[in-house]
Amino acid sequence: MGLSAADLSAIWLTVKLASVTTVLLLIIGTPIAWWLARSNRWWKGPVSAIVAMPLVLPPTVLGFYLLMAMGPNGPFGQMTQAIGIGLLPFTFWGLVVGSIFYSMPFVVQPLQNAMEAMGQRPLEVAATLRAGPWDRFFSVVVPLAKPGFITASILGFAHTVGEFGVVLMIGGNIPDETRVASVAIYDHVEALDYANAHGLSAVLLVFSFAVLAALYSFNRNRRSTNLNYGVNPS
Amino acid sequence: MSHSTEEQNKSENNIDLRFLLSYLAQGSGKGTSDNGTPGFTLDVDLSIPGQGITAFFGHSGSGKTTLLRCIAGLEHAQQGRLIVNGETWQDDNTFLPTHQRPLGYVFQEASLFPHLTAMGNLKYAMKRAHRHSLGPEGRHSPHLRHSGEGRNPQNEGNQLDHITHLLGIQHLLTRHPHQLSGGERQRVAIARALLINPRLLLMDEPLASLDLARKQEIMPYLEALHRELSIPILYVSHSIDEVARLADHLVALDQGKVIAAGPLGETLASVDSRLDLGEETGVVWEATVEEIDRQWHLARANFGGGDLWLRDSGLEVGQRIRVRILANDVSLALERHEDSSILNILPATVTEIASGTEGAALVKLDVKGFALVAKLTRRSVAHLDLLGGKPVWGQLKSVALIN
């Protein structure tokens, strides 16, 4: 049940997509989580809803709207054309954009929970010790929310690996460019090539189990990183 | 210390403050503070001496912690003015954020960073104190009386030694906060607040989260701070015991307003019914030990208005002591009884009589310029025909040495 060169390429592409997405999501998601954890404004509700929407929307819906937005007539598509990087659908970077939306809640929510669990006090303490806002963030928030960052990275990565519907909508099935593992499996099944479908599926199955098992044993003794997607018990 | 209607507030050596802060009656989203009770209003206007320990005393909900948080800039009063020893921290146009105020803050409960060791917590402060001492600010203020001038790396090491020694935490430095007892954590937190090199130290009930034994453990360190620090300390407490032992000045708060403010002795002697200390009503005097009577194990101490005899508990001649005389322990007589077992009988003049609860009366007395309060029954007041100006003998059944 060896993997073909095409399948290895699909796995490599999947890992690359998940890695890039996770890094970008940590950069984008951290300020969003911070803001959601601190703010009490009325728009906190709508923003939380937008972040959490990929949890309930069919990926095809998300993919469809992204395709429209990034297409030649969409606002985002016109922008990318205007700045000279062309159109993103059916490219690797189009998949990255899609994955960022798709995996956003899996990164933002663990971060937000960790930041909320930390409370206001450590920040006040740091302020009385002459730490300015950035200093407070890096010297107090990041270390205290570290379990949240680890959870967010693992979930963001794993969830992007499991992406299918959005990829199909905006990425298509271009070898080495947009054909990730989940799409490759679909191809094998379509072609009735069950042997290769088995091989690739087994890889994803083992990967998912290993990641989640690692995550839950890591979380067993932590209280600040509850995996309660979207619903806050407080 | 006085309400700042007086003009002397412009002095360099004062903390002048005025805050008006209201929490909306309906719970708005702005509930970040501990004392943010809906409908609560803090309205204070004070001038506090720029040295010594000033206690903010009051029952819970009186606004004392909110006042401290306003001073720290952790709470943003709608209207506020704060001038600390000549520097404006807040007025209509200025609001220095907390991290730009040269203060140290000791929180009520454990506030050490859990991801750092005790030493890591101290270094967190030292690193930032050092960063600030490079600027034009903060160069002047070696707040420890015995530490060297200014800050440089050598002094910094000395200062760390000195402060860890002062608080008795040298052996704890490698531990993490969860490996420390409540009292030890609080001592490390106090050391950390000092290592930031503050020009004002704020302490929010630093003993409240501790049990009695831990309180007794920390109290000597706080008394040492009182002796060693040249910077002003604002100390929030609801325990009159702590206030009597530590404070030089007292600001009593009730429902967000100042009900009494002034030197500790005078203010405690206030018979204002709003400052109701119940069984703890009494005065605190400072005195100097002048004689030790080995035969009877007694010590004679002069408080400025006369002599007091105390049980000798290892006192030394010349030692400054603080004594507390509870109103319940003072009785009055019109003549001096030589045949009494009471050691301390002082001539006094009645200055004010206020009726207390349940048939009791508080009689304020003057002992050569020092205030004393006696709690009597109203019947006794009538029986002795006490009136303002009447000379009496104050019989002190008990004089408690409090440090």
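Please read these numbers as outputs of a predicted model, since none were measured by experiment.

**Re the overall build of chain B**
Helices and strands together make up the secondary structure of chain B, namely 8 helices and 20 strands. Within the span of chain B, comprising 403 residues, buried residues form 52% of the whole. Taking all contacts inside chain B whose residues are at least 6 apart in sequence as the whole, residues at least 24 apart take part in 68%. Here chain B displays about 18100 Å² of accessible surface, and carbon together with sulfur accounts for 48% of that area.

**Let's talk about the sheet that holds strand 20 (residues 400–401) of chain B**
With respect to topology, 5 strands assemble into an open sheet ordered 13-12-11-14-20 (chain B), the strand pairing being antiparallel. For this open sheet the edge positions go to strand 13 (307–311) and strand 20 of chain B, each flanked by a neighbour on one side alone.

**Regarding the packing of aromatic side chains**
Residue and element names in this part refer to chain A. With the rule as written, the count across this model stands at 13 aromatic pairs over all chains. Ring centres 5.8 Å apart and planes at 85 degrees place the aromatic pair W34 and F137 in the edge-to-face group. With W34 in helix 1 (residues 5–38) and F137 in helix 7 (residues 133–144), this pair connects stretches of sequence that are 103 residues apart. Members of the aromatic cluster, connected to one another through ring pairs, are W34, W134, F137 and F138.

**Structural notes on the confidence of the model for chain A**
All names here are of chain A. Residues of chain A with pLDDT of at least 70 account for 93%, and the chain-wide mean is 88. When mean pLDDT is taken per element in chain A, helix 6 (residues 121–128) scores highest with 95 and helix 11 (residues 194–219) scores lowest with 89. Per-residue pLDDT stays below 50 along residues 223–234; that stretch engages in 28 contacts with residues further than four places along the chain or on separate chains.

**Details of the environment of A360 of chain B**
Residues and elements named next belong to chain B. Turning to its location among the elements, A360 is positioned in strand 17 (residues 360–367). For A360, a relative accessible area of 11% puts it in the buried group. Between the C-alpha atoms of A360 and I240, which are 120 residues apart in sequence, the distance is 21 Å. When sequence neighbours within four positions are dropped, the list of residues in contact with A360 reads S355, K375, L376, T377 and R378.

**A short note on the pattern of salt bridges**
Within the structure shown, the criterion is met by 23 salt bridges over all chains. In this structure, the salt-bridge partner of R121 of chain A is E124 of chain A, at a minimum N-O distance of 3.3 Å. Here E124 of chain A and R121 of chain A lie together in helix 6, a separation of 3 residues that amounts to about one turn. Its salt-bridge partner being K64 of chain B, residue E205 of chain B comes within 3.5 Å of it at the nearest N-O pair. Taken together, the residues E205 of chain B in the loop between strand 7 (200–204) and helix 5 (212–228) and K64 of chain B in helix 1 (residues 64–72) connect sequence positions 141 residues apart. The exposure classification of E205 of chain B matches that of K64 of chain B, with both residues buried.

**Here's the deal with the interface of chain A and chain B**
Listed as interface residues are 19 residues of chain A and, on the opposing side, 24 residues of chain B. Summed over both sides, the interface of chain A with chain B buries roughly 2000 Å², with 59% coming from carbon and sulfur. Applying the counting criterion to the chain A and chain B interface returns 4 salt bridges. In this structure, D135 of chain A and R131 of chain B form a salt bridge, with 3.3 Å as the shortest nitrogen-oxygen distance. The interface formed by chain A and chain B contains 6 residue pairs in polar contact (both at pLDDT 80 or more). Put simply, the parts of the chain that give the side of chain A that touches chain B at least two residues each are helix 6 and helix 7 of chain A. Considered class by class, the residues forming the side of chain A that touches chain B number 10 nonpolar, 4 polar and 5 charged.

**Describing the side chain of E163 of chain A**
All names here are of chain A. Position of E163 relative to the elements: it lies in the loop between helix 8 (146–161) and helix 9 (165–170). One buried charge, E163, has no salt-bridge partner; the nearest side chain with opposite charge is K16, at 14 Å. For E163, the contacting residues outside a window of four places in its chain are L95, G98, S99, Y102 and S182.

**So, the sheet that holds strand 18 (residues 370–377) of chain B**
Residue and element names in this part refer to chain B. Here 5 strands make up an open sheet; going across it, the order is 15-19-16-17-18 and the pairing antiparallel. Only two strands of the sheet have a single neighbouring strand rather than two, namely strand 15 (330–333) and strand 18. For this sheet, the mean angle separating the axes of adjacent strands, direction not counted, is 45 degrees. In this structure, strand 15 lies alongside strand 19 (residues 391–396), joined through 4 bridges in antiparallel fashion. Following the sheet pairing, L332 is matched in strand 19 by G394.

**Some remarks on the nonpolar core**
L17, F19, F56, I71, L201 and L222 of chain B are the most contacted members of the largest nonpolar core, which totals 129 residues. Looking at this core, the element that brings in the most residues is helix 5 (residues 92–118) of chain A, giving 13 residues. Excluding anything up to four places from it in sequence, F56 of chain B contacts I48, K64, L67, L68, I71, L234, Y235, V236, S237, V251 and L253 of chain B. One finds V283, I292, A327 and A374 of chain B within the second-largest nonpolar core, a separate group that totals 38 residues.

**Let's talk about helix 10 (residues 181–190) of chain A**
Among all positions in helix 10 of chain A, only A181, S182, V183, A184, I185 and H188 of chain A are buried. One or two steps after helix 10 of chain A, the chain reaches L192 of chain A, where phi turns positive at roughly 60 degrees.

**Focus on the packing of helix 2 (residues 44–52) of chain A against helix 5 of chain A**
All names here are of chain A. Close contact between helix 2 and helix 5 brings their axes to 8 Å; oriented N to C, the two are set at 135 degrees. In terms of axis orientation, helix 2 runs oblique to helix 5. Contacts between helix 2 and helix 5 involve K44, V51 and A52 on the former and, on the latter, M104, P105, V108, Q109, Q112 and E116. Of the residues that constitute the contact of helix 2 with helix 5, the class distribution is 5 nonpolar, 2 polar and 2 charged.

**Thoughts on the environment of M118 of chain A**
All names here are of chain A. Relative to the elements of secondary structure, M118 occurs in helix 5. Looking at M118, the relative accessible area reads 13%, which means it is buried. Note: C-alpha distance between M118 and V141 (23 residues apart in sequence) is 8.1 Å. When residues no more than four places from it in sequence are discounted, the contact partners of M118 are V141, L144 and A145.

**As for the pairing of strand 9 (residues 249–254) of chain B**
Put simply, side chains in a regular strand alternate between the two faces of the sheet. Residue and element names in this part refer to chain B. For strand 9, the buried fraction is high: 5 of the 6 residues fall into the buried class. Across 4 bridges, strand 3 (residues 53–57) lies against strand 9 in parallel orientation. Looking across to strand 9, one finds that T54 is bridged to H249. Pairing between strand 9 and strand 10 (residues 257–263): 6 bridges, direction antiparallel. Note that in strand 10 the partner of L250 across the bridge is G262. Between strand 9 and strand 10, which pair antiparallel and follow one another directly, the connecting turn spans 2 residues, one of which, Q255, has a positive phi of 50 degrees.

Analysis parameters
Residues numbered from 1 in each chain as written. Chains lettered and ligands numbered in written order. Predicted model: local features only at pLDDT ≥ 70, side-chain atom pairs only at ≥ 80, totals over all residues. Heavy atoms only, no water. Helix = DSSP H or I, 4+ residues; strand = E, 2+ residues; numbered from the N terminus. Buried < 20%, exposed > 50% of the residue type's maximum accessible area, 1.4 Å probe, protein only. Contact = heavy atoms within 4.5 Å. Areas by Shrake-Rupley, 256 points an atom, 1.4 Å probe, with all protein chains shown as cover. Pairing = 2+ DSSP bridges. Phe/Tyr/Trp six-rings, centres within 6.5 Å; stacked < 30°, edge-to-face > 60°. pLDDT = per-residue confidence, 0-100. Salt bridge = Lys/Arg side-chain N within 4 Å of Asp/Glu carboxyl O. Buried area = accessible area lost by both parts, 1.4 Å probe. Polar contact = N/O pair within 3.5 Å; in protein donor to acceptor, adjacent residues only side chain to side chain. Nonpolar A, V, L, I, M, F, W, Y, C, P; charged D, E, K, R; others polar. Lys, Arg positive; Asp, Glu negative; His and termini not counted. Axes fitted to C-alpha atoms, helices over the stretch in contact; angles between N-to-C directions. Core = buried A, V, L, I, M, F, W, Y, C linked by side-chain atoms within 4.5 Å. Parallel < 35°, antiparallel > 145°, perpendicular 65-115°, else oblique.

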